[in-house]
Amino acid sequence: MNSKGIPMRSSVPTYENRVLSAYEGEILGEEFFSVLAQKADSDQSRIKLRNLAAIERLVGEALLPVITRYKLQPNSKVSLAEKGRDETVEYAELGWTEFAVKLKRLLEPFVRDFEALLAESPVEDRPYIQLLLDHEIALFAFAQAESEYSSDGQIYLDNFLQRHKALLRDGN
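Everything numeric here is computed off the predicted structure, so don't read it as measured data. (Residues numbered from 1 in each chain as written. Predicted model: local features only at pLDDT ≥ 70, side-chain atom pairs only at ≥ 80, totals over all residues. Heavy atoms only, no water.)

In this section: the packing of helix H2 (residues 43-62) against helix H8 (residues 154-163). Where H2 contacts H8, the two axes come as close as 11 Å, and the packing angle between them is 25 degrees. It follows from the interaxial angle that H2 and H8 lie roughly parallel. Read as a crossing pair, H2 and H8 show a hand that is left-handed. From H2, Lys48, Asn51, Leu52, Ile55, Leu58 and Val59 reach across to H8, where they touch Gln154, Leu157, Phe160 and Leu161. Considering only residue class, the contact of H2 with H8 consists of seven nonpolar, two polar and one charged. (Axes fitted to C-alpha atoms, helices over the stretch in contact; angles between N-to-C directions. Helix = DSSP H or I, 4+ residues; strand = E, 2+ residues; numbered from the N terminus. Parallel < 35°, antiparallel > 145°, perpendicular 65-115°, else oblique. Left-handed = near helix turned anticlockwise from the far one by under 90°. Contact = heavy atoms within 4.5 Å. Nonpolar A, V, L, I, M, F, W, Y, C, P; charged D, E, K, R; others polar.)

Now the structure itself:
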């Protein structure tokens, strides 16, 4: 299993397996943040969580050309969404700052993983893997800012969306 609870297709974490796992993580992440948004106790938290879910969806959609190129077979969206819902259990009752601290700890290893994935990626995949890395960096920066009482992390999400709007909109 990868760190998002999704079974790997092989015991050897090939480049393709890692791309597939990242894609599946975006599907899982979209559901994770969507469910938390439904349970949020403030409009501000609800909006931020919906924004996080939207970014996960956009990045997942943007990775589809890579998934298609390698003829990868993701787990069903239904099972990935179920795993995303399951992961909300340990986050749903946390206060916002506690949530942000826990989210930051969750995201940190993905930044390193995606940096390594980018270093291995073939030239035709680099824009997509860079997008994947940049979104994880933006989510990490968001969580770090939100874990500090006086900071609003939305700017990191907005900057990410602005920098990558063409790739996110076109999906290719």
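Past the structure itself, the notes keep going.
Let us now look at the side chain of threonine 88. Relative to the assigned elements, threonine 88 resides in the loop between helix H4 (77-87) and helix H5 (89-92). The exposure class assigned to threonine 88 is buried, which follows from its relative accessible area of 1%. For threonine 88, the contacting residues outside a window of four places in its chain are Phe32, Val35, Leu36 and Lys39. (Buried < 20%, exposed > 50% of the residue type's maximum accessible area, 1.4 Å probe, protein only.)

Judged by nonpolar contacts, the single largest core of 46 residues is most densely connected at Val19, Phe33 and Leu49. Those elements giving two or more residues to this core turn out to be helix H1 (15-39), H2, helix H3 (64-69), helix H6 (96-120), helix H7 (126-146), H8 and helix H9 (165-170). The residues touching phenylalanine 33, leaving out its near neighbours within four places in the chain, are Leu49, Leu52, Ala53, Glu56, Phe99, Leu103 and Leu139. (Core = buried A, V, L, I, M, F, W, Y, C linked by side-chain atoms within 4.5 Å.)

As a further point, take the pattern of salt bridges. Summed over the entire model, instances satisfying the criterion amount to 10 salt bridges. Across the salt bridge formed by lysine 102 and glutamate 90, the nearest N and O atoms sit 2.9 Å from each other. One end of the pair, lysine 102, is in helix H6; the other, glutamate 90, is in helix H5, with 12 residues separating them in the sequence. Its relative accessible area of 23% is what places lysine 102 among the partly exposed residues. A salt bridge links aspartate 134 to arginine 163, with the nearest nitrogen and oxygen atoms 4.0 Å apart. Note that aspartate 134 is positioned in helix H7 and arginine 163 in helix H8, a separation of 29 residues in sequence. Through salt bridges that share partners, Lys48, Glu146 and Asp152 make up one connected network. (Salt bridge = Lys/Arg side-chain N within 4 Å of Asp/Glu carboxyl O.)

Next up on the list: the environment of valine 35. Locating valine 35 in the fold gives a position in helix H1. For valine 35, a relative accessible area of 8% gives the class buried. Those residues within four positions of valine 35 in sequence are excluded, and the remaining contacts are Arg85 and Thr88.

Attention shifts here to the environment of glycine 95. Position of glycine 95 relative to the elements: it lies in the loop between H5 and H6. A C-alpha to C-alpha distance of 9.6 Å links glycine 95 and alanine 40, two positions 55 residues apart in sequence.

This paragraph deals with the packing of H7 against H8. Between H7 and H8, whose axes approach to 7 Å, the crossing angle comes to 165 degrees. Judged by the inter-axis angle, H7 sits roughly antiparallel to H8. Considering how the two elements wind past one another, H7 and H8 form a crossing that is right-handed. Across the interface between the two elements, Leu131, Asp134, His135, Ala138, Leu139, Ala141, Phe142, Ala145 and Glu146 from H7 touch Gln154, Tyr156, Leu157, Phe160 and Arg163 from H8. Among the residues forming the contact of H7 with H8, the class breakdown is nine nonpolar, two polar and three charged.

So far we have only geometry, and geometry alone does not tell us how the molecule works.
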